[in-house]
Amino acid sequence: MSKHVLAQNQYGKAENRIVKVTRKGGDGSWHEIRDLNVSVALRGEFRDVHLTGDNANCLPTDTTKNTVYAFGKEHGIESPEAFGILLAKHFVSSQAPIREARIRIEEFAWERIPVPTRREQHSFVRKGQEVRTAEITYSETTGLQVVSGLKELTVMNSTDSEFHGYIKDRYTTLREAYDRILATKVTARWAHSALAADDARHDWDRSYKKVRSHLLEAFAETYSYSLQQTLHQMAERVLDHCTRINEVRLNLPNKHHFLVDLEPFGLKNDNEVYFAADRMYGLIEGTVHRDGVQPVISTGDWITA
C-alpha cells in the first residue's frame, strides 16, 4: 500500500489567446474587438488519471482550448466575466467527473483609430495602460464566484504625500519625507456578491469602469502619510460606492522616486529632480471587506511589480 496521498490537483489549458471581432452596422463595417487570454483549470474525480493512467475521466486540455474558441463564435464575448461564467458552468454541467472549473482571464484593451475620410472603422491601437482581469469559479457545492480586477495600472502623485514618524534602529538610513512623490503600479481584485454573480443582466463592463474610476479618484484625492493608508482609502471608496462588491484586495509596489543630490554641482534640488528606481521596491498588500463577509480572494496570487 502506498504511503503517499494524492492531494489537491487540477489541470487545464493555460493562456488561450482569443481575439473576437464583432461586426456591426448594416454592412458590418463597424468593428469591435475583445482580446482575451483565457486559462482553464478543472478539478474533480481525477484520481485514477494520476495513479494508474486511466484517462476515462479526463477531458483533454485540447478540448478545453477548442471550447474557448467555439464559445467565442457561438456566444460572443460580452465581457470577460460573462464569458468566463459561460465556460465555467459548461465544463461542470457537461462532464460528470468535473466538480469545479476555474477560468482566469486577462483582457488587453484596444482603442479605435478614427479615420474621418473612411466610413469603415476597423483600425485600432493597443492601449498602454492596465490589463483587465477576471477569475470565475463554478462549483457544484459552492456555486458561482466572480472576482474581477486589473493589473499594471501605474499612477503617481507628485505631491501631497509624506512619510515620517516610523520606527528607527541602527540600520535605518531613510530620511523622513514631508513632501514626496508617491507612485505605484496597481494590481487590484474585487469579489462580487452572489447577487451580482447570479444576475444574468449584470453589466460587467459598467461595473469595471466604475471600480476603476473610484480607485483612481481615491488615489488622487487622498493626502497620503503612507502607501498603506492610501491602499485602505482606495479599497474603502470602492466598497462605499459599489454595493454589489464585498471585498477588495490591492497589491501596491512602491515605485520609489529619490531626490537627486545636486549640491556637488552647486544646485539646489527643491523637490524637482528625482531618480526613478525600479528595483528594489516596497510591496504593500492588503484586503478590505465588508463586516461579516468571509474573504475569498487569494492572498498569494497575482503579485506584480
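Report on the accompanying structure. (Residues numbered from 1 in each chain as written. Predicted model: local features only at pLDDT ≥ 70, side-chain atom pairs only at ≥ 80, totals over all residues. Heavy atoms only, no water.)

## Thoughts on the packing of aromatic side chains
Per the counting criterion, the structure on display carries four aromatic pairs. Residues Tyr11 and Phe46 carry aromatic rings whose centres are separated by 5.0 Å and whose planes lie at 75 degrees to one another, so their mutual orientation is edge-to-face. With a gap of 35 residues between them, Tyr11 in the segment before β1 (16–24) and Phe46 in the loop between β2 (30–44) and α1 (47–51) connect regions that are remote in the sequence. Accessibility classification places Tyr11 together with Phe46 in one group, the buried group. Here Trp190 and Tyr208 contribute two aromatic rings whose centre-to-centre distance is 6.0 Å and whose plane-to-plane angle is 35 degrees, an arrangement assigned as tilted. You can see Trp190 sitting in strand β8 (residues 182–192) and its partner Tyr208 sitting in helix α5 (residues 204–221), a full 18 residues away along the chain. In this arrangement the basic side chain of Arg112 is found over the ring face of Trp30, its NZ or CZ atom lying 4.0 Å from the centre. Here the basic side chain of Lys168 rests over the ring of Tyr166, its NZ or CZ set 4.6 Å away from the ring centre. (Phe/Tyr/Trp six-rings, centres within 6.5 Å; stacked < 30°, edge-to-face > 60°. Helix = DSSP H or I, 4+ residues; strand = E, 2+ residues; numbered from the N terminus. Buried < 20%, exposed > 50% of the residue type's maximum accessible area, 1.4 Å probe, protein only. Lys NZ or Arg CZ within 6 Å of the ring centre and 35° of its normal.)

## Points about the side chain of Thr137
For Thr137, the location among the structural elements is in strand β6 (residues 131–139). A distance of 3.1 Å separates the side chain of Thr137 from the side chain of Arg102, its partner in a polar contact. Not counting chain neighbours up to four residues away, the residues in contact with Thr137 comprise Glu100, Ala101, Arg102, Gly143, Leu144 and Gln145. (Polar contact = N/O pair within 3.5 Å; in protein donor to acceptor, adjacent residues only side chain to side chain. Contact = heavy atoms within 4.5 Å.)

## Here's the deal with unusual backbone geometry
Most of the time, phi is negative for any residue but glycine, and the peptide bond is trans. In this chain, Arg279 is followed by Met280 through a cis amide linkage whose omega measures -15 degrees. Within the secondary structure layout, Met280 lies in the loop between β11 (274–276) and β12 (282–289). In this model, Glu152 sits at a positive phi of 65 degrees, which is unusual for a non-glycine residue. Here Glu152 lies in strand β7 (residues 143–157).

## Points about the environment of Thr173
Locating Thr173 in the fold gives a position in the loop between β7 and β8. For Thr173, a relative accessible area of 73% translates into the label exposed. Taking the C-alpha atoms as reference points, Thr173 and Thr141, separated by 32 residues in sequence, lie 53 Å from one another.

## Some thoughts on the sheet that holds β8
The strand order across the open sheet built from eight strands is β1-β2-β3-β6-β7-β8-β9-β12, with neighbouring strands paired in antiparallel fashion. Two strands lie at the open edges of the sheet, namely β1 and β12, each paired on one side alone. Strand-to-strand twist of the sheet, defined as the mean angle between neighbouring strand axes without regard to direction, takes the value 20 degrees. With eight bridges connecting them, strand β9 (residues 245–254) and β12 associate as antiparallel partners. Looking at β12, one finds that Asn254 is bridged to Gly282. Relative to the sheet, helix α3 (residues 80–94) contacts β2, β3 (98–108), β6 and β7, its axis offset from that of β3 by approximately 160 degrees. (Pairing = 2+ DSSP bridges. Axes fitted to C-alpha atoms, helices over the stretch in contact; angles between N-to-C directions.)

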